[in-house]
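A structural walkthrough
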Amino acid sequence: MGQLDVAAIRSDFPILSRTVRNEKPLVYLDSGATSQKPTQVLDAERKFLERSNAAVHRGAHQLAEEATDAYEAARSAIAGFVGAEARDLVFTKNATEAINLVSYSFLNATLLAARSDSVDPELDRFVLAEGDEIVVTEMEHHANLIPWQELCAKTGAELKWIGLTDEGRLDLSDLDSIITARTRMVSFTHQSNLLGTINPVAPIVQRARQVGAMVLLDACQSVPHMPVDVVALDVDFMAWSGHKMLGPMGIGCLWGRRELLVDMPPFISGGSMIKTVSMTETTFAEPPQRFEAGVPMVSQAVGLHAAVDYLNELGMTAVHDHEVALTRSALDQLEKIPGLEIIGPRDLVDRGSAISFTVEGIHPHDLGQVLDNAGVAVRVGHHCAWPTCRRYEVPATTRATFYVYNNENDVTALVEAIRTAQQFFGTV
Amino acid sequence: MGQLDVAAIRSDFPILSRTVRNEKPLVYLDSGATSQKPTQVLDAERKFLERSNAAVHRGAHQLAEEATDAYEAARSAIAGFVGAEARDLVFTKNATEAINLVSYSFLNATLLAARSDSVDPELDRFVLAEGDEIVVTEMEHHANLIPWQELCAKTGAELKWIGLTDEGRLDLSDLDSIITARTRMVSFTHQSNLLGTINPVAPIVQRARQVGAMVLLDACQSVPHMPVDVVALDVDFMAWSGHKMLGPMGIGCLWGRRELLVDMPPFISGGSMIKTVSMTETTFAEPPQRFEAGVPMVSQAVGLHAAVDYLNELGMTAVHDHEVALTRSALDQLEKIPGLEIIGPRDLVDRGSAISFTVEGIHPHDLGQVLDNAGVAVRVGHHCAWPTCRRYEVPATTRATFYVYNNENDVTALVEAIRTAQQFFGTV
Amino acid sequence: MDMATMYQEVILDHYRNPEGKGLRDPFGAQVSHVNPTCGDEITLRVQLDDGDDPVVVDVSYDNQGCSISQASASILYDEVVGRPVSEAFEILDSFVELMHSKGQAEPDEDKLGDLTAFVGVAQYPARVKCALLAWMALRDAVEQIQGPEGSPMREKV
Amino acid sequence: MDMATMYQEVILDHYRNPEGKGLRDPFGAQVSHVNPTCGDEITLRVQLDDGDDPVVVDVSYDNQGCSISQASASILYDEVVGRPVSEAFEILDSFVELMHSKGQAEPDEDKLGDLTAFVGVAQYPARVKCALLAWMALRDAVEQIQGPEGSPMREKV
Ligand SMILES: Cc1ncc(COP(=O)(O)O)c(C=O)c1O
Ligand SMILES: Cc1ncc(COP(=O)(O)O)c(C=O)c1O
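Residues numbered from 1 in each chain as written. Chains lettered and ligands numbered in written order. Predicted model: local features only at pLDDT ≥ 70, side-chain atom pairs only at ≥ 80, totals over all residues. Heavy atoms only, no water.

**Quick notes on the interface of chain A and chain C**
Each side of the interface is counted separately: chain A has 17 residues, and chain C has 23 residues. Buried area between chain A and chain C, summed over both chains or domains, comes out near 1,600 Å², and the portion from carbon and sulfur atoms is 53%. Broken down residue by residue, the surface that chain A buries against chain C is led by H365, Q369 and F424 of chain A, which jointly contribute 34%. Taken together, chain A and chain C are joined by one salt bridge. Here D366 of chain A and R127 of chain C are joined by a salt bridge, their closest N and O atoms 3.0 Å apart. Put simply, chain A and chain C have nine residue pairs in polar contact (both at pLDDT 80 or more) between them. Top contributing element to the side of chain A that touches chain C by residue count: helix α12 (residues 364-373) of chain A, with six residues. Split by residue class, the side of chain A that touches chain C holds six nonpolar, eight polar and three charged. (Contact = heavy atoms within 4.5 Å. Buried area = accessible area lost by both parts, 1.4 Å probe. Salt bridge = Lys/Arg side-chain N within 4 Å of Asp/Glu carboxyl O. Polar contact = N/O pair within 3.5 Å; in protein donor to acceptor, adjacent residues only side chain to side chain. Helix = DSSP H or I, 4+ residues; strand = E, 2+ residues; numbered from the N terminus. Nonpolar A, V, L, I, M, F, W, Y, C, P; charged D, E, K, R; others polar.)

Right under this line is the structure:
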């Protein structure tokens, strides 16, 4: 079970000792949707709010100074967690906003360029022309699909995608005909939240570089679960959420390559992102401030800082090993259940701990209900990856996801509850 | 001092018992930037996180059910706080995002309409044509100015504004020539965060209705401080922030008139805001979900719910009366200080508790420093209303703002600290 | 609650042996509804006669979804076909009320018939949409036949 | 800290009687910088001679701001005019370092001269930009004269 002391970890998470549905112990297998928070994170946020709460980058008083320090220290720590520099990390409300920030950079640059007499060389890289192409994959979360559909609908760019193999992997066989000289952006997920697949970043980045396209990596399901070094990955943008990595809700991250960030026009505009303002003209601050309009989520940044400290303490390699061990055990046991089919890779190579499956004769909603009744919290539905469900011709799946606080007992509880459901619905 | 039991209130705010700068008791006069949070709010959020934390509207398990209930109960309570219905309230990360959501509705509708063969009657109201006009005022916070500047820069619409009188009021004398048949949106602040002025909503709404323009009210500084009924105000949109009304950072609100919300295209897109999704086509959920892409700030909504409960308990009329009493006292005492000039109304009619001033011979930054040294936390600078500073020909001001936990002692401390600064800099 | 209270026999029976399933002609309107959280779908056709309070002559449907949504569609067929629209809508209204009661309401058996079995489902907010899917489609289809004056609301539950 | 440690006499003196203030000709470059949080502004001109390591012949400026930013500009004039650019930039670098030290650094009096008085200011992060405003403008102006090879960075502190 890796090197994690799961018993000690569990004691840091108050919610894990609660019961649900008639005193059943909670078996939380929905961390892929959102993770639970350890006391260390809750305490850090509370301490900030009881001691140093103030608006950042604005006041001249001690609280404002402390709040600014806490906010910027969080930025450094969180950037450091993925091998990045603080000044290249933008805080957003969630990963969804982070991806939209980039898609809207293309939209806004295109509109501003169309109205300016001279071609502004700074905007140029983000200006789209009719027929330009954006590439995603068939395993994207809606957060990394719809923003690009919307961008295309508004600019005349075309959306293309990399398909999937029956095994639940990206089909890279025709990569060169999908990513072409017309491709401006390739945006794909590091780890599928539905299939569990960990995608190969290098060949896609390499092809994108060949044709001069940018690359955005949706790291929502990788940064919380394994060591991620954004410099080594060599992508241009990376987006992820705080709430899936033991941190608070309401905070997400966008990392961007410096030379791109400085060229991007603002997305959300307002206070604290300006250099000068008059009624008729405004100039903008340098990144990351340019992209953080309004009073930001300071206490949440402080909480996320505590979360990365917690994860660093555990060690991300140990976290990943732990999850792989649980995944191995879960796949082994699940595959023995008659009528159960895994949607996604069955081997452990390049695979995270999200396990989606169907059970013959039982709709996922009904299965989820029986599991819930047994205290086992899973997610059922299309997991915001509806096209992926369509690809595998299932209307929905049941999905279990594991994290640092899960253990063998949780796997056993899952397996037993599925068998109970089969008995209840009389399918075995 | 109104009907508030300020001593009891103060004991709910742990931060108020801390000291700053060499054991000086904290005198917090910066609630206009962000308010402090009572234990009730911190506890509500913590209880949620230790008991019911889960992603909302997604899971089929008990935690997801409890989280969804908590989130939607918060929506009802917060909507009710301004006399609105839950389904017309959209949660955003802050007021800035809320205003941008509306400005981007115009942008997105305009772009989508330009690319569709048929004129979509639903979008029509938000489609801008070259020469259409947007009206703001000269006392807007950057959050209610720059989004409109940006919209104009991208669409060819023109920005106009209502000027200010020397007394710090809107100059409505030429309202009819500013708001014209070309005006599509009038967006203005209910209460100026710099001047303290409370603006008359009725005449502006009336003129906007005459010409068929929409009205957005920036209620960041009114909703926390006085009774606000959005139905009585008869505006089309209203935006405000949670963190200025005893609630958490990272949550803001947009209220919209139902028939407008349903016609607005999405702003940020991704998970949880859809009806159906395929690789080539997506349809969208009804409001408010349409505008809440991604995992939202659930615990923050729970905290803000506790904040409105707290304010309701105090009574918003009592809150307002309390602030008016403090403002009266502060204005009286400040005006006696030689060389001190109030920027904004000096009378108490239609006036909130934000008091901006300059002190002859002492730059606000230097004044703020001496105040800070005395434990008095004020804000100095342009307060994200730089054009308002320009209008009154001051580079910056010092601003004190009052809230439920402030008392006469705080006013005295402010006045004394200003006199100390004058002695220190030798200007008296 | 134990699972048997939620999945009452009558629900499981209708799920296993749905009544009236399959799309049939003639029909006055056809609609498709989905449950956006789980992807469950129904395509539903309604045929009314020409009466003043028209009678529902047929409801035919094709659907995909959980036991709750399938049983609900099957019971809809049983309860609604042959009744005047006014009565069908009374059942619909009672059912909506029951499903939004969080299990606190005392179901009106006379009006609800087999739908009474859903009282356990009403305790699970995430399942309410499943139970109502076919009924919302019915309302939509009838309103399409009867024209806009019959459908004051732009949106449905 | 008491206020007198922060506002040392030399700072208040320069603030009350700024040296070299006012815009003068000739100049090789003119820049305008603002402090976005408080609106403080400086317009600054630099004149260099033709040497290999050119000497700063004049720095003239017009500014508006707090005592810290005004004193800093006045001391800049005192310290920089008459020195080669290389030495001016050494002072600048030391000053930037001091101001980012949060008051932990031991200021190098030989290099910093009157700027040593800012050691107290460095304890207040919100004031660092005030103290550096004129110096960032100086760097910008010199780099404009010397061309892009002298300015590897797109952005300034
Ligand atoms: C009048 C006014 N409008 C808008 C805002 C922006 O609010 P936020 O920064 O929470 O988005 C503020 C406060 O900063 C304000 O005072
Ligand atoms: C792969 C992936 N991308 C994007 C998201 C969106 O994250 P958020 O909802 O926090 O914005 C999620 C999680 O919901 C995800 O799993």
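After that view of the structure, there is still more to cover.
**Quick look at the environment of G20 of chain C**
All names here are of chain C. Counting through the fold element by element, G20 comes out in the loop between α2 (9-16) and β1 (29-34). Judged by relative accessible area, G20 falls into the buried class, the value being 17%. C-alpha of G20 to C-alpha of S74: the two residues are 54 residues apart in sequence and 6.6 Å apart in space. Ignoring any residue separated from it by four or fewer positions in sequence, one finds G20 in contact with V59, S60, Y61 and Y77. (Buried < 20%, exposed > 50% of the residue type's maximum accessible area, 1.4 Å probe, protein only.)

**Considerations on the packing of helix α3 (residues 67-80) of chain C against helix α6 (residues 125-146) of chain C**
All names here are of chain C. With their axes 8 Å apart at the nearest point, α3 and α6 run at an angle of 35 degrees to one another. The chirality of how α3 crosses α6 is right-handed. Along the contact surface, α3 presents I68, S69, S72, A73, L76 and V80, while α6 presents R127, C130, A131, A134, W135 and L138. Per-class residue counts for the contact of α3 with α6 are nine nonpolar, two polar and one charged. (Axes fitted to C-alpha atoms, helices over the stretch in contact; angles between N-to-C directions. Left-handed = near helix turned anticlockwise from the far one by under 90°.)

**A word on the site of ligand 2**
Residues and elements named next belong to chain A. Every one of the 16 residues lining ligand 2 counts as a neighbour, but T96, D218, S241, H243 and K244 are closest to it. Between an oxygen atom of ligand 2 and a side-chain N or O atom of H141, the distance comes to 3.1 Å. With respect to ligand 2, the side chain of Q221 contributes an N or O atom lying 2.7 Å from an oxygen atom. For ligand 2, whose accessible area on its own is 390 Å², the fraction buried by protein is 99%. Put simply, ligand 2 lies in the second largest cavity. Grouping the amino acids of the shell around ligand 2 by side-chain chemistry returns four nonpolar, nine polar and three charged. (Near = heavy atom within 4 Å. Areas by Shrake-Rupley, 256 points an atom, 1.4 Å probe, with all protein chains shown as cover. 1 Å grid on protein atoms, 1.4 Å probe; cavity = no way out; pocket = protein on both sides within 12 Å on 5 of 7 lines; lining within 4 Å. Sits in = over half its atoms within 2 Å of the grid points.)

**A short note on empty space enclosed by the protein**
All told, the structure shown has 12 cavities of 30 Å³ or more when counted by the stated rule. When its volume is computed, the largest cavity comes out at roughly 200 Å³. Lining of the largest cavity is provided by 22 residues; of these, A95, H141, A143, C220 and K244 of chain B occupy positions nearest its centre. With three residues, helix α4 (residues 95-115) of chain B is the largest single contributor of residues to the lining of the largest cavity. When its volume is computed, the second largest cavity comes out at roughly 160 Å³. If you go around the second largest cavity, you meet 18 residues; those closest to its centre are A95, H141, A143, C220 and K244 of chain A. With three residues, the single largest contributor to the lining of the second largest cavity is helix α4 (residues 95-115) of chain A. Class assignment for the residues of the lining of the second largest cavity results in five nonpolar, 10 polar and three charged. (Points joined across faces, edges and corners; volume = space filled by probe spheres on them.)

**Thoughts on the sheet that holds strand β13 (residues 340-343) of chain B**
Residues and elements named next belong to chain B. The strand order β13-β14-β17-β16 describes an open sheet built from four strands, whose pairing is antiparallel. This sheet does not close on itself; its edge strands, each paired only once, are β13 and β16 (379-381). Along the sheet, successive strands turn relative to each other by an average axial angle of 30 degrees, direction set aside. The strands touched by helix α11 (residues 316-335) within the sheet are β13 and β14 (355-359), with β14 carrying the most contacts at an inclination of about 10 degrees. Sitting on the sheet, helix α14 (residues 408-425) touches β13, β14 and β17 (397-400), and the angle it makes with β14 is about 20 degrees. (Pairing = 2+ DSSP bridges.)

**Topic: the side chain of D12 of chain B**
Following the sequence through the fold, D12 of chain B ends up in the loop between α1 (6-11) and β1 (19-20). For the buried residue D12 of chain B, which engages in no salt bridge, the nearest side chain bearing the opposite charge is R46 of chain A, 10 Å off. Excluding its chain neighbours within four sequence positions, the residues that come into contact with D12 of chain B are K37, P38, T39, Q40 and Y310 of chain B. (Lys, Arg positive; Asp, Glu negative; His and termini not counted.)

**Some words on the nonpolar core**
Nonpolar side chains in soluble globular proteins tend to be buried together. Membership of the largest hydrophobic core comes to 175 residues, with the highest contact counts inside it found for V235, M238 and W240 of chain A together with V235, M238 and W240 of chain B. The leading source of residues in this core is helix α3 (residues 62-81) of chain B, at 10 residues. Filtering out sequence-adjacent residues up to four positions away, W240 of chain A remains in contact with I78, V82, L89, A95, A219, C220, V223, M245, G252, C253 and W255 of chain A. By size, the runner-up hydrophobic cluster in this structure holds 84 residues, among which are L128 of chain A together with I134, A239 and F291 of chain B. (Core = buried A, V, L, I, M, F, W, Y, C linked by side-chain atoms within 4.5 Å.)

**Some words on the domain arrangement of chain A**
All names here are of chain A. Looking at chain A, the domain boundaries give domain 1 (6-30 + 315-425) and domain 2 (46-312). Domain 1 and domain 2 are separated by 30 Å when their C-alpha centres are compared. Each side of the interface is counted separately: domain 1 has 35 residues, and domain 2 has 32 residues. For the pair domain 1 and domain 2, the summed buried surface comes to about 2,700 Å²; carbon and sulfur atoms form 55% of the total. Considering only the surface of domain 1 that becomes buried against domain 2, M316, R391 and Y403 emerge as the three largest contributors, covering 24% of it. At the junction of domain 1 and domain 2, the tally comes to two salt bridges. In this structure, the connection of domain 1 to domain 2 is made through 21 residue pairs in polar contact (both at pLDDT 80 or more). Of all the elements in the fold, those that place two or more residues in the side of domain 1 that touches domain 2 are α11 (316-335) and α13 (386-391). (Domains from an automatic or database assignment.)

**Regarding α12 of chain A**
Residues and elements named next belong to chain A. Within α12, 10 of the 10 residues are buried, which leaves the element mostly enclosed by the surrounding structure. Residues of α12 that are buried: P364, H365, D366, L367, G368, Q369, V370, L371, D372 and N373. Just past α12, the residue G375 takes up positive phi, approximately 90 degrees.

**Thoughts on the side chain of H382 of chain A**
Here H382 of chain A is to be found in the loop between β16 (379-381) and α13. The class of H382 of chain A is buried, set by a relative accessible area of 3%. At 2.5 Å, the side chain of H382 of chain A and the backbone oxygen of P36 of chain C are in polar contact. In contact with H382 of chain A, other than residues within four places in its own chain, are H142, L194, C389, P395 and A396 of chain A, I274 of chain B together with P36, T37, C38 and G39 of chain C.

**Re the environment of K47 of chain A**
When you line up the elements, K47 of chain A lands in helix α2 (residues 39-51). As for K47 of chain A and G303 of chain A, which are separated by 256 residues in sequence, their C-alpha atoms are 9.9 Å apart.

**Section: the interface of chain B and chain A**
Taken together, the contact pairs 101 residues of chain B with 100 residues of chain A. Carbon and sulfur atoms supply 57% of the area buried between chain B and chain A, which totals about 8,500 Å² over both sides. Area buried by chain B at its contact with chain A is led by R18, M249 and M279 of chain B, which between them contribute 10% of it. Where chain B packs against chain A, one counts 10 salt bridges. Across the salt bridge formed by E97 of chain A and K93 of chain B, the nearest N and O atoms sit 2.9 Å from each other. For the pair chain B and chain A, the interface holds 48 residue pairs in polar contact (both at pLDDT 80 or more). For the side of chain B that touches chain A, the element with the highest residue contribution is α4 of chain B, accounting for nine residues. Considering only residue class, the side of chain B that touches chain A consists of 43 nonpolar, 34 polar and 24 charged.

**Regarding the pairing of strand β2 (residues 41-48) of chain C**
In regular strands, side chains alternate between the two faces of the sheet. All names here are of chain C. For β2, the tally of buried residues reaches seven of eight residues, placing the bulk of the element in the interior. In the sheet, β1 pairs with β2 via six bridges, with the strands oriented antiparallel. Bridged to V34 within β2 is E41. Between β1 and β2, which pair antiparallel in sequence order, lie six residues; one of them, G39, sits at a positive phi of approximately 85 degrees. Across eight bridges, β2 lies against strand β3 (residues 56-64) in antiparallel orientation. Looking at β3, one finds that L48 is bridged to V56.

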